[in-house]
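Each chain, letter by letter, is given below.
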Amino acid sequence: MALLLRKTFLPLLFSFALISTTAVKLSAQSGNYATPYFADKDRVKKLTAYFPLIEKMYREYAEKNHFPGYAFGVVADGKLIFSGSGGWADINKKVPATTRSVFRIASMSKSFTAMAILQLRDQGKLQLDDPVSKYIPELKGQQLTADAPEITVRHLMTHSAGFPEDNPWGDRQLADTDQQLLELLRQKISFSNVPGIAYEYSNLGFALLGYIIQKVSGQPYSTFIEKNIWQPLGMAQSSWEYKKVAAPLLAHGYRWVNNDWKEEALLSDGVWGAMGGMLTSIESLSKYVAFHLQAWPVRNNPEVGPLKRSSLREMHQPWRLASVNANYRYPSGRAIPLTAAYGYGLRYAEDGEGRKTVGHSGGLPGFGSNWVMLPEYGIGLMFFGNVTYAPTSLANVAVMDTLLRLSGLQPMTLPPSKVLTERRDALVRLLPEWDGAANTGFFAENFFDDYYMSKLREEARAIYTAAGRILEVGEVVPENQLRGYFIQKGEKGNIRISFTLTPETPARIQEYHITLQKN
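Chains are numbered independently. Their residues run from 1 in the order of the written sequence. Residues qualify for local features only when their pLDDT is at least 70, as the model is predicted, and side-chain atom pairs are given and counted only at 80 or more; totals for whole chains, interfaces and linings, by contrast, use all residues. Hydrogens are left out, water is left out, and the side-chain values use all remaining heavy atoms of the structure.

### Focus on the overall build of the protein chain
The cut-off we apply is this: Numbering of helices and strands runs from the N terminus; a helix is a DSSP stretch of H or I covering at least four residues, while a strand is a stretch of E covering at least two. Remark: exposure states derive from per-residue accessible area (1.4 Å probe, protein chains only) relative to the maximum for the residue type, with buried under 20%, exposed over 50%, and partly exposed in between. We call two residues contacting when some pair of their heavy atoms lies within 4.5 Å. Here the accessible surface of atoms and residues is derived via Shrake-Rupley with a 1.4 Å probe, and residues count as covered only by protein chains that are part of the display. Charge assignment: positive for Lys and Arg, negative for Asp and Glu; neither His nor the chain ends contribute. Where a charge lies is defined by one atom per residue type, namely NZ (Lys), CZ (Arg), CG (Asp) and CD (Glu).
Counting its regular elements, the protein chain contains 14 helices and 20 strands. By principal-axis analysis of the C-alpha atoms, the protein chain measures approximately 80 × 55 × 45 Å. Split into buried and exposed, the 519 residues of the protein chain put 54% on the buried side. Counting contacts in the protein chain only where the partners sit at least 6 residues apart, residues at least 24 apart contribute 68% of the total. With the model as given, the accessible surface of the protein chain reaches about 22,000 Å², and the carbon-plus-sulfur share is 52%. In the protein chain, 56 positive and 49 negative side-chain charges are present, and the distance between their average locations comes to 5 Å.

### Digging into the packing of helix α3 (residues 110-122) against helix α6 (residues 203-217)
Stated precisely, the cut-off is as follows: Axis definition: a line fit to C-alpha positions, over the contact stretch in the case of helices; interaxial angles, taken between N-to-C directions, run 0 to 180 degrees. If you view the pair so one helix is near and one far, a crossing is left-handed when the near helix is turned anticlockwise from the far one by less than a right angle, and right-handed when it is turned clockwise. For this classification, the nonpolar set comprises Ala, Val, Leu, Ile, Met, Phe, Trp, Tyr, Cys and Pro, the charged set comprises Asp, Glu, Lys and Arg, and every other residue, Gly included, is treated as polar.
In the contact formed by α3 and α6, the axes pass within 10 Å of each other and the chain directions differ by 35°. Considering how the two elements wind past one another, α3 and α6 form a crossing that is left-handed. Contacts between α3 and α6 involve Lys-110, Thr-113, Ala-114, Ala-116, Ile-117 and Leu-120 from the former and Asn-203, Phe-206, Leu-209, Gly-210, Ile-212, Ile-213, Val-216 and Ser-217 from the latter. For the contact of α3 with α6, a count of residues per class yields nine nonpolar, four polar and one charged.

### Regarding the pattern of salt bridges
Condition: Whenever Lys or Arg places a side-chain nitrogen within 4 Å of a carboxyl oxygen from Asp or Glu, that contact is recorded as a salt bridge.
The tally for this structure, following the rule as stated, stands at 25 salt bridges. For Asp-122, the salt bridge is made with Arg-121, and the minimal N-O distance between the two is 2.7 Å. Classification of Asp-122 by relative accessible area gives partly exposed; the value is 32%. Residue class for Arg-121 comes out buried when judged on its relative accessible area of 17%. One salt bridge connects Arg-424 with Glu-475, and the closest N-O pair in it is separated by 3.9 Å. Taken as a pair, Arg-424 in helix α12 (residues 418-430) and Glu-475 in the loop between β16 (470-473) and β17 (477-480) lie far apart in primary sequence, 51 residues in all. Given the relative accessible area of 11%, Arg-424 is considered buried. Take Glu-475: its relative accessible area is 55%, and that puts it in the exposed class. Linked through salt bridges whose partners overlap, the residues forming this network are Arg-334, Asp-351, Glu-353, Arg-355, Asp-401 and Arg-405.

### Examining the side chain of Lys-110
Test applied: Identification of polar contacts relies on pairs of N or O atoms within 3.5 Å, with a donor-acceptor requirement for protein atoms, meaning one able to donate a hydrogen and the other able to accept it, and with residues adjacent in sequence counted only if both atoms are side-chain atoms.
Summarising the element assignment, Lys-110 is placed in helix α3. The buried charged residue Lys-110 lacks any salt bridge, with Asp-171 as its nearest oppositely charged partner at 6.8 Å. Within polar-contact distance, the side chain of Lys-110 engages the side chain of Asn-203 at 2.7 Å. When neighbours within four sequence positions are excluded, Lys-110 is seen to be in contact with His-159, Tyr-201, Ser-202, Asn-203, Phe-206, Ala-274, Met-275, Tyr-342, Gly-345 and His-360.

### As for the packing of aromatic side chains
Basically, it comes down to this: Paired rings are identified among Phe, Tyr and Trp, the last through its six-membered ring, by centres lying within 6.5 Å, and are further divided according to the angle between planes into stacked (under 30 degrees), edge-to-face (over 60) and tilted (the rest). Either the NZ atom of lysine or the CZ atom of arginine qualifies as a charge over a ring when it sits within 6 Å of the ring centre and within 35 degrees of the ring normal.
For the coordinates displayed, the defined rule picks out 29 aromatic pairs. Ring geometry for Tyr-221 against Trp-240: centres 5.1 Å apart, planes inclined by 85°, an arrangement best described as edge-to-face. Of this pair, Tyr-221 sits in helix α7 (residues 221-233) while Trp-240 sits in the loop between β6 (238-239) and β7 (254-257), placing them 19 residues apart in sequence. Both residues of the pair, Tyr-221 and Trp-240, belong to the buried class. Ring plane angle 50° and centroid distance 5.6 Å describe the contact between Trp-434 and Phe-443, whose orientation is recorded as tilted. Accessibility classification places Trp-434 together with Phe-443 in one group, the buried group. Ring pairs connect the aromatic residues Phe-51, Tyr-58, Tyr-61, Phe-67, Tyr-70, Phe-72, Phe-82 and Phe-383, which therefore count as one cluster. The ring of Phe-206 carries the charged tip of Lys-110 above its face, separated from the ring centre by 5.8 Å. Over the ring of Trp-296 we find Arg-313; its NZ or CZ atom is 5.9 Å from the centre of that ring.

Following this line, the structure appears as structure tokens:
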């Protein structure tokens, strides 16, 4: 059956403040050397040229992998800049899939559960290092070995509680009640490891987080998340219960069997829904993805949205190492090492080029989904399919890698802070003779104990002589607000000078290195 295609360009703006496409200003305060991060001002323009290719890649991938229907979206600058869909949300009734079709997103639900936990943490109602037994007494005393620590909320958030990997068994528990979950705990849990030492993906762990949300907030996790995340973000096409979704919008799930699609039964909302029960559309999820993206860069702007930016960034960090793959290959065949980790309800990856991605996939009988964002590039991708365990993550990786390679999109860059530039200027004036350096006040108290003046002068003179006449002094290239390097271009070679500043105010030079780069 041919897939029916739909494409839309939807400028879905929402109420919280957006990152500027040119720069985000941070005020300079005493002891605070924060400077603006500059984003690629032509980001959307660069991406727009490749929209036809993006659509083709998703469509052909969906056809090849037997998706009855699919929908995708690209988020940048706080909005859904491109989206599309194809095929059927309901095969029997010939209902087309659209970007408003509501798909079950399975384990992508986990980051909403993690966000709810952080909201409660930020309100002072729980701590991430609280023992889980404080909220679920049925777990008290359950451990693999006598020396095992108690399971904490943080362990659950990072898949390191010691529970065994439970796909696909966990998928079938979705509609269980609170009492069924507690009875499972009373019968004792079988552990695969002790808490806190290894990553192992656990749906049970996130079901327990949903129960903790209920115990702490006094309302079901589903109600809490709807009121405190969906509603503030305007995610109107979202639900925990498929029966509440309008029939024309509900995407039915299918399994590809014997060259045909067999409809999968939809499970109702239950206590395990916190690990994978959410239903939403591309249009609604785009607002959530955009909210995550606006957490970057760090800045002094007023806080907006249902979670403060620092807590969002906390979700994005690699809290538990999952894997290191020295032989990873992108779908294009390009080989590059890849490290993967888990944050709070989100996956983190960093490749050998330093490119960082954050997001999550989801899979249940009848559905597969994925969203991924590149915080340093300010873009996010989403892809839904309504076939069992639809391998959507691979398609998003292929689209992401293709977009970056073809568009020339640049990550956010950090201009040098004022103090880095001032210290560069001081070094340029002092080198190579270092005359009077000890009396300038630019160097930390350790500096001339760690670097002998005679050696500093001897080394600098030799390098400057070899480089020849200095033609140009480059800008500081910052690693952060207090560390960087600059290049002095010479007739015969370039001089690279790197330095690190102290945590004092004003910050002083504590470490310094000079090297010659031959032309």
